[in-house]
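# What the coordinates show
Listed below, chain by chain, are the residues.
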Amino acid sequence: MVEIPEHEPVSCLIQGRHLRVVCGDVVNVRLTGDQGVIESLEPRSSLLYRSDAFKTKAIAANVTQLAVVVAARPSFSMELVQRCILTAEDQSIASLLILNKADLPETPAARDRLELLTRIGYPLITLSALTDVEPLRPALLNHTTLLIGQSGMGKSTLINALFPEAKAVTADYSEALDSGRHTTTHTRLHRLNPDSAVIDSPGLQEFALQHMDADALARAFIEFRPFLGQCRFRDCRHETEPGCRLQEVAAAGEIEPARLKLFQTLRRLQQNAAQRL
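Residues numbered from 1 in each chain as written. Predicted model: local features only at pLDDT ≥ 70, side-chain atom pairs only at ≥ 80, totals over all residues. Heavy atoms only, no water.

## Some remarks on the overall build of the protein chain
Short version of the rule: Runs of E in the DSSP output that reach at least two residues are strands. Runs of H or I that reach at least four are helices, and both are numbered from the N terminus. Contacts are residue-level and defined by heavy atoms, with any inter-residue pair within 4.5 Å sufficient. Only the protein chains shown count as cover for residues, with accessible areas throughout obtained via the Shrake-Rupley method and a probe of 1.4 Å. Neither His nor the chain ends is counted toward charge; the positive residues are Lys and Arg and the negative residues Asp and Glu. Note that the charge is assigned to NZ on lysines, CZ on arginines, CG on aspartates and CD on glutamates.
Secondary structure assignment for the protein chain yields 7 helices and 12 strands. With respect to the three principal axes, the spread of C-alpha positions in the protein chain is 70 × 50 × 35 Å. For the protein chain, contacts bridging at least 24 residues in sequence account for 66% of all contacts bridging at least 6. Carbon together with sulfur atoms contributes 50% to the accessible area of the protein chain, which is approximately 14600 Å² in total. Taking the average place of the 30 positive charges on the side chains of the protein chain and the average place of its 33 negative ones, the gap between the two points comes to 6 Å.

What follows is the structure in C-alpha cells.
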C-alpha cells in the first residue's frame, strides 16, 4: 500500500522488474482507477540493510532513527543489538535503545547489560508498552523510526499502544525456549503525525553485516573514530599488530575491550565469508 496525500492508501504494482521498492521509499505513482503503478523512486536519504554471507536485503529507506527494542524476558543478544546499531551508524542514522517490560524483576540487570552502549552515548528509554508508552513519544517526533529487535521483545505491543488501529498480532514467548515467536510478517509504516512515522519490522534472530567492508565496520564503532588512522601500519587489522592504536586505548580503558573484541569477531566473519565467494 502507498500513502498518497489527500487520498486513501492505494494498492500499487511496480513498473519494471529492476525497480526495487522498500518500506519508507518516496515513490512516483500513476493512478489507474482504484489501483496505482509505481513508476520511479525519489532519491533516498538512507537505506538500511541486513545481510549474511550469501545475500543482502534492504529493510527500509529514508529512516532517520533506529530504535532497538529489548526486554529482560526473553533474554536478548547484546551482540545482535550492537550489530543493528552498527548498520545504522554505517548510514549515519541515529540509534535509540528501548528497554520494554519495565515491570519485570530482571529489568535492572538488563539495564546494566545495556550500559556497554549507554556509556558511549546511545540513549535508553525504559517503559512498559502494556501500561504507559508516553515516555517514548517525544523521541519519535520529527523522525522516521525503524523499530527492530528479536522476537518476543514486545514490538507489536508497542505498535498497538502507539497506533491502536494497527491491531498488530501479539503472542506469548516461550519460557522453555527463552525465545519469542514471529508475529509481524512484513514491514509496515505507521504515521504518528505529518512529520513523524514508525516502521514496524519482523522480529530478528540474526543480523549479519556482510554488506560493510572492514573500514566501514571500524568507523561504525563511534568510540573508535578518534583513534582510526593512528596505528603504526596503514593496513592494521587491530588484532595483534605492534603499534595498534585501538589495542593501546582498549588496554588503557579508553574504549571497552569487549567492543574491540566484537569488532575483531565481525571482521573475521567478513573475511571468512569473502573467502567462500
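Now that the structure has been shown, we can carry on.
## Section: the pattern of salt bridges
Selection criterion: We count a salt bridge whenever a side-chain nitrogen from Lys or Arg sits within 4 Å of a carboxyl oxygen from Asp or Glu.
A full pass over the atoms with the stated rule returns 14 salt bridges. Put simply, Arg73 and Glu106 hold a salt bridge, and the shortest N to O gap is 3.0 Å. Taken as a pair, Arg73 in the loop between strand S7 (65-71) and helix H1 (78-90) and Glu106 in the loop between strand S8 (94-100) and helix H2 (107-118) lie far apart in primary sequence, 33 residues in all. Two residues, Arg237 and Glu241, come together in a salt bridge whose shortest N-O distance is 3.0 Å.

## Observations regarding the pairing of strand S2 (residues 7-14)
Using the following cut-off: When DSSP finds two or more bridges between a pair of strands, those strands are recorded as paired.
Bridging between strand S1 (residues 2-4) and S2 involves 2 bridges; their strand directions are antiparallel. By the bridge assignment for S2, Val2 is matched with Val10. Counted between consecutive antiparallel strands, the loop separating S1 from S2 contains 2 residues, among which Glu6 sits at a positive phi close to 55°. Across 4 bridges, the pairing between S2 and strand S4 (residues 35-41) is parallel. Residue Ile14 lies in a different strand from S4, and its bridge partner there is Ile38.

## Observations concerning the nonpolar core
Rule in force here: For the purposes of this section, nonpolar cores are sets of buried Ala, Val, Leu, Ile, Met, Phe, Trp, Tyr and Cys residues that join through side-chain atoms within 4.5 Å. Only protein chains enter the accessibility calculation, which uses a 1.4 Å probe; a residue is then buried when its area is under 20% of its type maximum, exposed when over 50%, and partly exposed in between.
Core analysis: the largest hydrophobic core is formed by 70 residues, its most contacted members being Leu66, Val68, Ile98, Leu136, Leu146, Ile148 and Leu158. Ranked by residue count, the leading element in this core is H1, at 7 residues. Not counting residues up to four positions away in its chain, the partners in contact with Ile148 are Ile59, Leu66, Ala67, Val68, Val69, Cys84, Lys155, Ser201, Leu204 and Phe207.

## Some thoughts on the environment of Leu116
Relative to the assigned elements, Leu116 resides in helix H2. For the pair Leu116 and Gln82, spaced 34 residues apart in the sequence, the C-alpha separation amounts to 9.7 Å. Ignoring anything within four residues of it in the chain, the contact list for Leu116 reads Met78, Gln82, Glu256, Ala258 and Arg259.

## Quick word on the packing of aromatic side chains
We apply this condition: Aromatic pairs are defined between Phe, Tyr and Trp rings, using the six-membered ring for Trp, whenever the two ring centres lie within 6.5 Å; interplanar angles under 30 degrees are classed as stacked, those over 60 as edge-to-face, and all others as tilted.
Scanning the entire structure with this criterion turns up 3 aromatic pairs. Summarising the aromatic geometry, the rings of Phe224 and Phe263 are spaced 6.0 Å apart at their centres and angled 80° between planes, so their arrangement reads as edge-to-face. In this pair, Phe224 sits in the loop between helix H5 (214-220) and helix H6 (245-251) while Phe263 sits in helix H7 (residues 257-276), placing the two residues 39 residues apart along the sequence. Its relative accessible area of 0% is what places Phe263 among the buried residues.

## What to know about the pairing of strand S3 (residues 27-32)
The two faces of the sheet receive side chains in turn, since in a regular strand these alternate between them. In this sheet, S4 lies alongside S3 in antiparallel orientation, the contact comprising 6 bridges. Note on S4: the bridge partner recorded for Val27 is Leu41. Taken together, S3 and the strand that follows it, S4, pair antiparallel across an intervening segment of 2 residues, in which Gly33 is found at a positive phi of about 70°.

## Concerning the environment of Arg219
If you trace the backbone, Arg219 turns up in helix H5. As for Arg219 and Glu89, which are separated by 130 residues in sequence, their C-alpha atoms are 8.1 Å apart. Other than its neighbours up to four places away in sequence, Arg219 contacts Arg225 and Leu228.

## Observations concerning the sheet that holds strand S9 (residues 124-126)
Our working rule: Axis definition: a line fitted to C-alpha atoms, limited for helices to the stretch in contact. Angles are taken between N-to-C directions and run from 0 to 180 degrees.
In space, the 6 strands of this open sheet follow the order S9-S8-S7-S10-S12-S11, with mixed pairing throughout. Strand pairing shows two members of the sheet lacking a second neighbour, S9 and strand S11 (188-193), which therefore form its edges. Strand-to-strand twist across the sheet, computed as the mean angle between neighbouring axes with direction ignored, equals 25°. For S7 and S8, the ladder comprises 7 bridges, and the chain directions are parallel. Each residue of the ladder has a partner; that of Val68, found in S8, is Leu97. Relative to S8, H2 is tilted by about 170°, and along the sheet it contacts S7, S8 and S9.

## Notes on the environment of Leu140
Checked against the element boundaries, Leu140 lands in helix H3 (residues 137-140). Sequence separation of Leu140 and Ala214 is 74 residues, and the distance between their C-alpha atoms is 32 Å. Sequence-distant contacts of Leu140, that is, excluding residues within four places in its chain, are made with Gln65, Thr145, Leu162, Leu192, Ser196 and Val198.

All quantities given are derived from atomic positions and should not be read as evidence of function.
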